[in-house]
There are 2 protein chains.
Amino acid sequence: MSSIFKEGIYDTGSYARTGTLDLNGIQIQTPIFMPVGTRGSIKSLTSEDIDELGYNLILANTYHLYLKPGKEVFDHFQGLKNFMSYKKALLTDSGGFQVFSLASLFKFEDDGVRFQSHIDGSHHKFTPASVIDMQRSIGSDIMMVLDDCAPYGSDTKRLELALDRTHRWAKESFAYWMENPGGQNVFPIVQGGVNETLRLRSLETLQKIDFPGIAIGGLSVGEPRPEYIRILECMAPHLDKSRPRYLMGVGTVVDILEGVKNGIDMFDCVLPTRNARNGQVFTSKGKINLRNESHRLSDSPIDPQCECKVCKTYSLGYIRHLHKVKELTAFSLSTYHNLFFMQSFMEKMRKSIEIGNFQGFYDHWKNLFGS
Amino acid sequence: MSSIFKEGIYDTGSYARTGTLDLNGIQIQTPIFMPVGTRGSIKSLTSEDIDELGYNLILANTYHLYLKPGKEVFDHFQGLKNFMSYKKALLTDSGGFQVFSLASLFKFEDDGVRFQSHIDGSHHKFTPASVIDMQRSIGSDIMMVLDDCAPYGSDTKRLELALDRTHRWAKESFAYWMENPGGQNVFPIVQGGVNETLRLRSLETLQKIDFPGIAIGGLSVGEPRPEYIRILECMAPHLDKSRPRYLMGVGTVVDILEGVKNGIDMFDCVLPTRNARNGQVFTSKGKINLRNESHRLSDSPIDPQCECKVCKTYSLGYIRHLHKVKELTAFSLSTYHNLFFMQSFMEKMRKSIEIGNFQGFYDHWKNLFGS
């Protein structure tokens, strides 16, 4: 198939690189951060806000959308993009990770996973084919295969079982997808926990299949950062250059820095939006807790160097007040700012790679957001 | 003093009228509906949204702002308008009504009311002068006097006591305000429950004082609608034509129709915003409950005749989904629509008075929103 990824500039001192992802005509500059619209909206924002912020690739969660509003709704509305009036590109996970982390009960079977809804306890089953069908109804530009993400701390036996299952399902998914590939892409998911041998085996196995991209799962799931870095470093030299690499569920500013340094092109995480709702915002000087008493009389914006409309309009003192009294507007203003920050952060990172200053960029931001 | 109100067109078949309120250079067409920004934001919206919706007079609650963020913050920021980045006109209540309805305990004294905060039980006292001081710090264009709003069902003795207290405090407030009137206006509040004699006595007493406008309190506090209408009708012929009349805390579409019919110029109510958050929206065909199963696959906007950006962008099916899964975006989209509806409703009402069709307008909307 024709490639969806065009390599850009490579950093000389690391595996960092820029690139362009072409998803059905929508051009996405990488490395990119994707905000998460779990249930069909980026929490507290409108689709107009997403456009205004310049995001042209966002993520939605198949597990949540499968349960509510359900497949029939997406079939009727011809996909989530139409449903939510969003015109750009969309990536969906397979729903597997949410089954393991949210469902009240789940049980593996050879051909999939049975689970009970965390909402009403109802019984369901996901298979490699059924989650592709669901993602086809959602209409994402990038779909994910069903995988087995063993929890952090799993022993080697459990990790090997996860690998076998993940690889078998990836092959089934590929075959099922290829029956009728259409315009939607599918990425497989590398597993293996913090075991380097298994990680490399998984990467090698999955890269042999002609998927248009590759995802890395099971990281940033509780392991200490040195473990996280060690696994990224062990994989970096072996990542296929011609395909986009997506590190799932990551992350913090520092985790993204480590990811890009090790050749990752795509990231998604709820942290910038969730932290915003909890009153933590990101600035050019580091993180700020909006609820701090010290901001009570502050006339300054959240970040004097930020060009977002929230920083141009509102004071720290006002946004602190809204958070303290739990006004809904606190959530949307803070979320808007954090997503503007992430866009700007990624844009500056791409620029730093282009001008050969990724190491300087990395040092600067790691120092500010070290913890 | 120079009048803040210019009479417009009078309806020939009722007391309905149009007019223009001039608040420190901001021209407000009446009859007007004011959305409520209790704690310094219209819940779920931004100040940019308020501007975009075209509201140039909004209400904030002194009781809430006094408790949080407190007077010191408004003194520092030079008023709520600066604090929330809102440039148009502002009206504040005195805080009295919230003391009676929200405070965990309150006790009248000759010169004011002692109460305990509903947030932390802390002890406070409001006096006619102190609530004007607080409203001066908030910087509203229209301030309200402290009054005694006896609950619905109070006996005549209690209503008379409330009247005496309300009138005495109104006189004190006027004297205190006149020591240094500045650009902020003060309105007194007519009380008297559903007792016509007391209502007329209160109206007459307060209209004798040279306040720039007059407010009517203690209606829409639980009385059946016929009682509400009876009291409005008894006052209508006696309302001073040269001053704006403000009916506090009202209301529903039908209550506003009855108010305008009886000469009211200004209204405020949390219903359009609160109902929106609960999934009830207003349309050209009546009220809609967004959570209804029947909207699940609806491609139509909330109201095909509505010109608001929510109706131009999103389907009923999508907004229903957001409400069903309690996404924050559901609140802002629904609130935006309802406030657009209220603006449009009031604009059409003013037009109907101007062209001599208020009765037709009244019949049409009363029929649609009768309950």
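Throughout, residues of each chain are indexed from 1 in the direction in which the sequence is written. Lettering of chains starts at A and numbering of ligands starts at 1, both following the order in which they are written. Per-residue local features are limited, in this predicted model, to residues with pLDDT of at least 70; the limit for side-chain atom pairs, both in listing and counting, is 80 or more; totals at the level of whole chains, interfaces and linings are taken over all residues. In computing side-chain properties, one takes all heavy atoms of the structure into account and sets aside hydrogens as well as water.

In the annotation of UniProt, chain A is listed under the name Queuine tRNA-ribosyltransferase and assigned to Leptospira biflexa serovar Patoc. Annotation of chain A in UniProt includes, under Catalytic activity, the sentence "7-aminomethyl-7-carbaguanine + guanosine(34) in tRNA = 7-aminomethyl-7-carbaguanosine(34) in tRNA + guanine". The Pathway comment attached to chain A in UniProt states, word for word, "tRNA modification; tRNA-queuosine biosynthesis." UniProt positions are given in the numbering used here, feature names are shortened, and annotations may be inferred rather than shown by experiment.

*Asks:* Run through the pairing of strand 3 (residues 26-30) of chain B, naming residues and quoting values.
*Replies:* Exposed residues in this analysis have more than 50% of their type's maximum accessible area, buried residues have under 20%, and partly exposed residues fall in between, with area computed by a 1.4 Å probe over protein chains only. In this text, helices come from DSSP runs of H or I with a minimum length of four residues, and strands from runs of E with a minimum of two, each type numbered from the N-terminal end. By the alternation rule, side chains of strand 3 of chain B split into Ile26, Ile28 and Thr30 of chain B, which are all buried, and Gln27 and Gln29 of chain B, of which none is buried. Here strand 2 (residues 17-23) of chain B folds back onto strand 3 of chain B, and the loop between the two strands holds two residues, one of which, Asn24 of chain B, carries a positive phi near 50°. Think of it this way: DSSP has to see at least two bridges between two strands before they count as a pair.

*Asks:* How would you explain the side chain of His64 of chain B if you had to name every residue and give the values?
*Replies:* Residues and elements named next belong to chain B. Among the secondary structure elements, His64 is positioned in helix 2 (residues 62-67). Looking at His64, the relative accessible area reads 14%, which means it is buried. What makes two residues a contact is simply this: any of their non-hydrogen atoms within 4.5 Å. The contact partners of His64, leaving out residues within four places of it in the chain, are Thr38, Arg39, Gln98, Leu102 and His118.

*Asks:* Tell me what's going on with the environment of Ile58 of chain A, and back it up with residues and numbers.
*Replies:* All names here are of chain A. When you line up the elements, Ile58 lands in strand 5 (residues 57-60). Residues Ile58 and Thr92 lie 34 residues apart in sequence; the distance between their C-alpha atoms is 8.5 Å. Not counting the four nearest positions on each side in its chain, Ile58 is found in contact with Met34, Pro35, Ile42, Ile50, Met84, Tyr86, Ala89, Leu90 and Leu91.

*Asks:* Would you mind going over the UniProt feature "active site" in chain A in detail, with residue names and values included?
*Replies:* Residues and elements named next belong to chain A. Here, UniProt's "active site" annotation points to Asp93 and Asp268. Spanning 176 residues, the annotated positions come together in the fold, the maximum distance between their C-alpha atoms being 10.5 Å. Turning to its location among the elements, Asp93 is positioned in the loop between strand 6 (89-92) and helix 5 (96-101). Among all residues touching Asp93, those that are not within four sequence positions of it are Ala60, Asn61, Thr62, Tyr63, Gln98, Gln135, Met144 and Met248. With respect to the helices and strands, Asp268 occurs in strand 15 (residues 266-268). Asp268 sits in the buried class, given a relative accessible area of 7%. Residue contacts for Asp268: discarding those within four places in its chain leaves Phe33, Met34, Val36, Leu59, Tyr246, Leu247, Met248, Gly249, Val250 and Gly251. Here Gly249 takes part through its backbone nitrogen, which lies 2.7 Å from a polar atom of the side chain of Asp268. Polar contacts, as counted here, are pairs of nitrogen or oxygen atoms within 3.5 Å of one another; within protein the pair requires one atom able to donate a hydrogen and one able to accept it, and residues that are adjacent in sequence qualify only if both atoms are side-chain atoms.

*Asks:* Please set out the relation of the copies chain B and chain A residue by residue, giving values where relevant.
*Replies:* To line up the copies, we fit them by least squares on C-alpha atoms, keeping just the residues with pLDDT of at least 70 in both. Take chain B, turn it by 180°, move it 0.0 Å along the axis, and it overlays chain A with an RMSD of 0.0 Å. Expressed as a symmetry operation, the mapping of one chain copy onto the other fits a two-fold axis. Ranked by how close their C-alpha atoms come to the rotation axis, the residues of chain B are headed by Leu328 of chain B, at 3.9 Å. Interface overlap between copies: 100% of the residues of chain B at the interface are likewise at the interface in chain A, consistent with a symmetric, same-surface contact.

*Asks:* An account of the sheet that holds strand 12 (residues 189-190) of chain A is needed here, citing residue identities and associated values.
*Replies:* Strand-to-strand pairing in sheets goes through backbone hydrogen bonds, with the strands running parallel or antiparallel. Residue and element names in this part refer to chain A. Taken together, the five strands give an open sheet; going across it, the order is 4-15-14-13-12, and neighbouring strands pair in parallel fashion. On the outer flanks of this sheet lie strand 4 (32-34) and strand 12, each paired with one strand and no other. For strand 13 (residues 214-216) and strand 14 (residues 245-247), the ladder comprises three bridges, and the chain directions are parallel. By the bridge assignment, Ala215 is partnered in strand 14 with Tyr246.

*Asks:* Tell me about the pairing of strand 8 (residues 112-116) of chain B, residues and numbers included.
*Replies:* Residue and element names in this part refer to chain B. Of all five residues in strand 8, four are buried; the element is thus mostly enclosed. Taken together, the five bridges between strand 7 (residues 105-109) and strand 8 define a ladder with antiparallel strand orientation. Bridge pairing links Phe106 to Phe115 in strand 8. Counting the residues in the hairpin turn of strand 7 and strand 8 gives two residues. Pairing of strand 8 with strand 9 (residues 123-126), which is carried by four bridges, proceeds in the antiparallel orientation.

*Asks:* So what's going on with the domain arrangement of chain A? Which residues, and what values?
*Replies:* All names here are of chain A. Segmentation of the chain into domains, including their bounds, is taken from an automatic or database domain assignment. Along its sequence, chain A is carved into domain 1 (22-269) and domain 2 (279-360). Taken over C-alpha atoms, the centre of domain 1 sits 28 Å from the centre of domain 2. Across the contact, 21 residues belong to domain 1 and 16 residues belong to domain 2. Here domain 1 meets domain 2 over a buried area of about 1600 Å², counting both sides, of which 74% is carbon and sulfur. By the criterion of area lost to domain 2, the three top residues of domain 1 are Leu53, Tyr55 and Val253, representing 29% of everything that side buries. Any carboxyl oxygen of Asp or Glu that lies within 4 Å of a side-chain nitrogen of Lys or Arg is treated as forming a salt bridge with it. Inspection of the region where domain 1 meets domain 2 yields one salt bridge. Put simply, Glu52 and Lys309 hold a salt bridge, and the shortest N to O gap is 2.8 Å. If you look at where domain 1 meets domain 2, you find nine residue pairs in polar contact (both at pLDDT 80 or more). Any residue outside Ala, Val, Leu, Ile, Met, Phe, Trp, Tyr, Cys, Pro, Asp, Glu, Lys and Arg is labelled polar, Gly included; the first ten of those are nonpolar and the last four are charged. Of the residues contributing to the side of domain 1 that touches domain 2, the split by class is 13 nonpolar, four polar and four charged. Each of two parts loses accessible area, computed with a 1.4 Å probe, when they are put together; buried area is these two losses added.

*Asks:* Describe the UniProt feature "binding site: substrate" in chain A, and please don't skip the residues or the numbers.
*Replies:* Per the UniProt record, the feature "binding site: substrate" sits at Asp93, Ser94, Gly95, Gly96, Phe97, Asp147, Gln191 and Gly218 of chain A. Residue classification places Gly218 of chain A among the buried positions, given a relative accessible area of 13%.

*Asks:* Lay out empty space enclosed by the protein with the relevant residues and their values.
*Replies:* A cavity here means a set of 1 Å grid points, computed over protein atoms only, where a 1.4 Å probe fits but cannot escape. A pocket is an open set with protein on both sides within 12 Å along at least 5 of 7 lines, and lining residues have an atom within 4 Å of a point. Grid points are joined across faces, edges and corners, and a volume is the space filled by probe spheres set on the points. Per the counting criterion, the structure on display carries three cavities of 30 Å³ or more. Counted as a void, the largest cavity has a volume near 50 Å³. Lining the largest cavity, in full, are Ser44, Leu328 and Ser332 of chain A together with Ser44, Leu328, Thr329 and Ser332 of chain B. At the level of secondary structure, the elements contributing two or more residues to the lining of the largest cavity comprise helix 14 (328-354) of chain A together with helix 14 (328-354) of chain B. Looking at the lining of the largest cavity, the element that brings in the most residues is helix 14 of chain B, giving three residues. Partitioned by chemical class, the residues of the lining of the largest cavity number two nonpolar, five polar and no charged.

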